[in-house]
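Structural overview for review
Chain residues, written in single-letter form:
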Amino acid sequence: MAKKHRDEEEQDEELDPSEDRALREREVARSLISKHLDYKAIPSMIKPVGQGNQPCRILIYGTTDMGKTRLAGTGHKTLIMDYENGTRFLRKSQAKVMHISTWGEAVDMHWWVRNEKHGFASGVLDTVTTLQDLGIDFLSGQALLRKTITTEPKLLNRFGWQRLTKIMMDHLVQWTSLPMDMIFLANEKAIENEDTGEVVYYPAITPGVTNRLLRMVDLSGRIVLKDGKNGVRTRIYFRRTKSMPRNKRRVEGFPRFVDNATLPKLLKLVRKGEENG
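Please read all numbers here as calculations on a predicted model, not as lab measurements. (Residues numbered from 1 in each chain as written. Predicted model: local features only at pLDDT ≥ 70, side-chain atom pairs only at ≥ 80, totals over all residues. Heavy atoms only, no water.)

Comments concerning the overall build of the protein chain
Along the protein chain, the regular secondary structure elements total ten helices and ten strands. In the protein chain, which comprises 277 residues, the share counted as buried stands at 38%. Taking as baseline every contact in the protein chain between residues at least 6 positions apart, the subset at least 24 positions apart corresponds to 64%. Element-wise, carbon and sulfur atoms account for 53% of the exposed surface of the protein chain, whose accessible area totals about 17,600 Å². (Helix = DSSP H or I, 4+ residues; strand = E, 2+ residues; numbered from the N terminus. Buried < 20%, exposed > 50% of the residue type's maximum accessible area, 1.4 Å probe, protein only. Contact = heavy atoms within 4.5 Å. Areas by Shrake-Rupley, 256 points an atom, 1.4 Å probe, with all protein chains shown as cover.)

Now the structure itself:
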């Protein structure tokens, strides 16, 4: 009876999701720490700076129903991380989708993409705004367990918002370090200048994450709908990012806007600008 009881306890431990996730995280950490270069292969790995196509990083933001997810669906060998079920409206797309509903799933999906041979050439986070909401839910749950949450549901205290910026940036940096093109989609927010009355549009994520993300991408643009003779079309207005060199040749590679863009067209535009730079 004692042996049977011990066997049942061992089975319970094997089925515990938290223990399983902790084990996998330790295995990943161990593989990263123990990874070393093959000394004999190093000479063949050293290449001139800028040789070959470098992965592109693009940020596109706009209000709901502007066509952000449809843009992502035009990619080839593209994996969409769908945090808000926006891909349900896609038709005739060659892209693949992974539906994600928790922060833990988002983290696990990144490690799967990093460690597995999947064949995808580009990845899309749809949207970073909803990913941030998952981060808020995650931190709110932790705070509730520690009884440090404020009285209003899902409202983080000052330390909580700092922690949110930290986990968001760690997560986004990990995605940008992958050897594949990355496209970040976001909703938008409008901020009016009290002095001039001018309205400026930004990605609907916290200012700290926005500023750092703009420094990480090669191209950033706001997507809108425009009426024309041939009906409604999408238009992406580009904005200068911190990572874009301020030389004339590089800037000439980027038009002020582009209509009815596709993902391959945007990636080609970025790489053309890099060649001009």
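Still to come is the rest of the account.
Here's the deal with the pattern of salt bridges
One pass over the full model with this rule turns up three salt bridges. In this structure, Asp-170 and Lys-166 form a salt bridge, with 2.5 Å as the shortest nitrogen-oxygen distance. With a gap of four residues between them, Asp-170 and Lys-166 both fall in helix α7 (residues 158–176), about one helical turn apart. Since its relative accessible area comes to 43%, Lys-166 is described here as partly exposed. As a salt-bridge pair, Glu-188 and Arg-222 come within 2.7 Å of each other at their nearest N and O atoms. Taken together, the positions of Glu-188 in strand β6 (residues 188–192) and Arg-222 in strand β8 (residues 219–228) put the pair 34 residues apart, joining distant regions of the chain. (Salt bridge = Lys/Arg side-chain N within 4 Å of Asp/Glu carboxyl O.)

Some thoughts on the packing of aromatic side chains
Given two aromatic rings, one states the distance between the centres and the angle between the planes to describe the pair. Inspection of the entire model under this criterion finds two aromatic pairs. Arranged with centres 6.5 Å apart and planes meeting at 25°, the rings of Trp-103 and Phe-138 form a pair that is stacked. Pair noted here: Trp-103 is in helix α5 (residues 103–115) and Phe-138 is in helix α6 (residues 128–146), with a separation of 35 residues, a long-range link. With a relative accessible area of 8%, Trp-103 lands in the buried category. For Phe-138, a relative accessible area of 31% corresponds to the partly exposed category. (Phe/Tyr/Trp six-rings, centres within 6.5 Å; stacked < 30°, edge-to-face > 60°.)

Concerning the nonpolar core
Counting 34 residues, the largest nonpolar core has Leu-125, Leu-172 and Phe-184 as the members making the most contacts within it. In this view, Phe-184 contacts Ile-58, Leu-59, Ile-60, Leu-125, Val-128, Leu-172, Trp-175, Thr-176, Leu-213 and Val-217; residues no more than four positions away in its chain are not counted. If you look at the next biggest cluster of nonpolar residues, it comprises 23 residues, including Ile-58, Ile-60, Ile-80 and Leu-263. (Core = buried A, V, L, I, M, F, W, Y, C linked by side-chain atoms within 4.5 Å.)

So, the packing of α5 against α7
Two numbers describe a pair of packed helices, the interaxial angle and the distance between the axes. Relative orientation of the contacting elements α5 and α7 amounts to 25°, with a least axis distance of 10 Å. Regarding the angle of α5 to α7, the classification is roughly parallel. You can see that α5 and α7 cross each other, and the crossing is left-handed. Of α7, the residues touching α5 (which contributes Trp-103, Ala-106, Val-107, Met-109, His-110, Trp-111, Val-113 and Arg-114) are Ile-167, Met-168, His-171, Gln-174 and Trp-175. Considering only residue class, the contact of α5 with α7 consists of nine nonpolar, three polar and one charged. (Axes fitted to C-alpha atoms, helices over the stretch in contact; angles between N-to-C directions. Parallel < 35°, antiparallel > 145°, perpendicular 65-115°, else oblique. Left-handed = near helix turned anticlockwise from the far one by under 90°. Nonpolar A, V, L, I, M, F, W, Y, C, P; charged D, E, K, R; others polar.)

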